Amino acid sequence: MRLLSCEWSKLVRLPALWGCLALCLVFNCLLIGSGDRWRWEWNETAAMTSGWGPRVDSGFLDGLRQQPQSDYKDYLLSAAEGMTDIYADYDLRPLVDYYIGYVKNSPGATVLMERKYERLAERVAHLSQTGAAMDWYGGPVTHYVHQFLYGTLMRALLTEGAVLGMLSMLFLLGYENQQRTAAGAYASRTGRKLCRWKVMAGITWALAIYLLLAAVTLGIFLLFWDWSGVWGGSVSSQFNYVIDMLVRRPFFTWADLTVGSYLASVVGLGGLLTVVFTLLAAVCGTLMGNVYLAALVLTLLLCGGAAAQALCAQAGLWMGC
């Protein structure tokens, strides 16, 4: 534990790391500010519908009708009265044909795609039984806010956590070489075990930094956006949809997730991916020996993976993609 504390102290005393962390937070605040065009509509909707529960039923509609007269109230009421169970007769065939048309030259990928949509058909039937489509979430503005939160803000958080984690790991693994103390440090029995403590310190530090970034960023976001009445609603509300390769489809999930549990899952998955990227940096740093060469190899691996996927897609090698 003493060695672990020593490795942590190296990171704590690194001014550049805290400077990068501060820049990340400033950037996240700018991102939050960029979503202001939807904030008024979201907060106004929350103010009108709070306390009625997440499900649009007769009580929800009666409460909305009793709100003071305004154009925006009429807009919300029209949207609520027009809600139907879109999963009851949802036809997956156009979506299946669209994606199978892309992978038709790969028999293996075609079989996998068909199996995927067979399972998805079961999920659609389940969503209809639970009435997930009738949950309000955030009303008509749901799609834009959901995509902003998860497609922009949470993606930035994951990138920042992964980059800071990888840099921290490479810094620890190259510290002795940079200080020219490697020969003395690794000559002893304890020094030869130092690498495992560095890896453990780097992983825990990366996870802590990511969670700190997530907590502060989401805290600032929720300070200005009113999510108090939506946490218990289904994330698969009919107002939540995805436009994927020019195809509009509802927001399906492979498990029943509320708005709150979905956010917790995304934060948790981001932490897991941060650990994975940090471990990749640990492998490169351990095998290369030189921190600059390790950083170069790590960059090539990360960029090469994305490039290989794109090349496989262009060549029609869908199993590889």
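Model, not experiment: these values are computed from the prediction.

Basis of the calculations
Residues numbered from 1 in each chain as written. Predicted model: local features only at pLDDT ≥ 70, side-chain atom pairs only at ≥ 80, totals over all residues. Heavy atoms only, no water. Phe/Tyr/Trp six-rings, centres within 6.5 Å; stacked < 30°, edge-to-face > 60°. Helix = DSSP H or I, 4+ residues; strand = E, 2+ residues; numbered from the N terminus. Buried < 20%, exposed > 50% of the residue type's maximum accessible area, 1.4 Å probe, protein only. Lys NZ or Arg CZ within 6 Å of the ring centre and 35° of its normal. Polar contact = N/O pair within 3.5 Å; in protein donor to acceptor, adjacent residues only side chain to side chain. Contact = heavy atoms within 4.5 Å. Core = buried A, V, L, I, M, F, W, Y, C linked by side-chain atoms within 4.5 Å. Salt bridge = Lys/Arg side-chain N within 4 Å of Asp/Glu carboxyl O. Patch = residues over 30% accessible without salt bridge, like charges linked within 9 Å, V, L, I, M, F, W, Y side chains within 5 Å. Areas by Shrake-Rupley, 256 points an atom, 1.4 Å probe, with all protein chains shown as cover.

Observations regarding the packing of aromatic side chains
Taken as a whole and judged by the stated rule, the model has 24 aromatic pairs. Consider the rings of Phe 60 and Trp 136, whose centres lie 5.2 Å apart with planes at 50 degrees: the pair is tilted. In this pair, Phe 60 sits in helix α4 (residues 58–65) while Trp 136 sits in the loop between α7 (107–130) and α8 (142–173), placing the two residues 76 residues apart along the sequence. A relative accessible area of 3% places Trp 136 in the buried class. Residues Trp 227 and Trp 231 carry aromatic rings whose centres are separated by 5.5 Å and whose planes lie at 35 degrees to one another, so their mutual orientation is tilted. Judged by its relative accessible area of 3%, Trp 227 falls in the buried class. Taken together through their ring pairs, the aromatic side chains of Trp 38, Trp 42, Tyr 137, Tyr 144, Phe 148, Phe 221, Trp 225, Trp 227 and Trp 231 make up a single cluster. The ring centre of Tyr 241 lies 3.7 Å from the NZ or CZ of Arg 248, which sits over that ring.

So, the side chain of Thr 45
The topology assignment puts Thr 45 in helix α3 (residues 36–49). Given a relative accessible area of 2%, Thr 45 falls into the buried group. A polar contact is formed between the side chain of Thr 45 and the backbone oxygen of Glu 41, at a distance of 2.7 Å. Among the polar contacts listed, one links the side chain of Thr 45 to the side chain of Tyr 72, at a separation of 2.6 Å. Setting aside anything within four residues of it in sequence, one finds Thr 45 in contact with Tyr 72, Leu 76, Trp 136 and Gly 138.

Describing the environment of Asp 85
In this fold, Asp 85 is placed in the loop between α5 (71–81) and α6 (93–103). In this structure the C-alpha to C-alpha distance between Asp 85 and Leu 127, which are 42 residues apart in sequence, comes to 9.2 Å. Dropping the residues within four chain positions of it, Asp 85 is found in contact with Ser 128, Ala 133 and Met 134. A distance of 2.9 Å separates a polar atom in the side chain of Asp 85 from a polar atom in the side chain of Ser 128.

Here we look at the nonpolar core
If you look at the biggest cluster of nonpolar residues, it comprises 39 residues, and the most contacted ones within it are Trp 42, Tyr 137, Leu 149, Met 154, Phe 221, Trp 225 and Trp 227. Those elements giving two or more residues to this core turn out to be α1 (2–12), α2 (15–34), α3, α8, α12 (194–224) and α13 (259–288). Element by element, the count of residues in this core is highest for α8, at ten residues. Those residues in contact with Trp 225, other than ones at most four positions away along the chain, are Ile 32, Gly 35, Trp 38, Arg 39, Trp 42, Asn 43, Val 145 and Phe 148. The next biggest cluster of nonpolar side chains, apart from the first, holds 17 residues, and it includes Tyr 87, Leu 120, Leu 127 and Val 247.

Brief notes about unusual backbone geometry
The backbone phi angle of Tyr 137 is positive, close to 55 degrees, even though this residue is not glycine. Its place among the elements puts Tyr 137 in the loop between α7 and α8. Among the residues examined, Tyr 137 registers a relative accessible area of 4% and is labelled buried.

Some details on the pattern of salt bridges
One pass over the full model with this rule turns up six salt bridges. Put simply, Arg 65 and Glu 81 hold a salt bridge, and the shortest N to O gap is 3.2 Å. With a gap of 16 residues between them, Arg 65 in helix α4 and Glu 81 in helix α5 connect regions that are remote in the sequence. Since its relative accessible area comes to 38%, Arg 65 is described here as partly exposed. Classification of Glu 81 by relative accessible area gives partly exposed; the value is 44%.

Here's the deal with a nonpolar patch on the surface
On the surface, Val 283, Leu 287, Met 288, Leu 293, Leu 296 and Leu 300 cluster together into a nonpolar patch covering about 570 Å² of accessible area. Mapped onto the nonpolar patch, the elements with two or more residues apiece are α13 and α14 (291–315). With respect to the helices and strands, the residue Leu 300 is situated in helix α14. By relative accessible area, Leu 300 is classed as exposed at 57%.

Read these as geometric descriptors, not functional statements.
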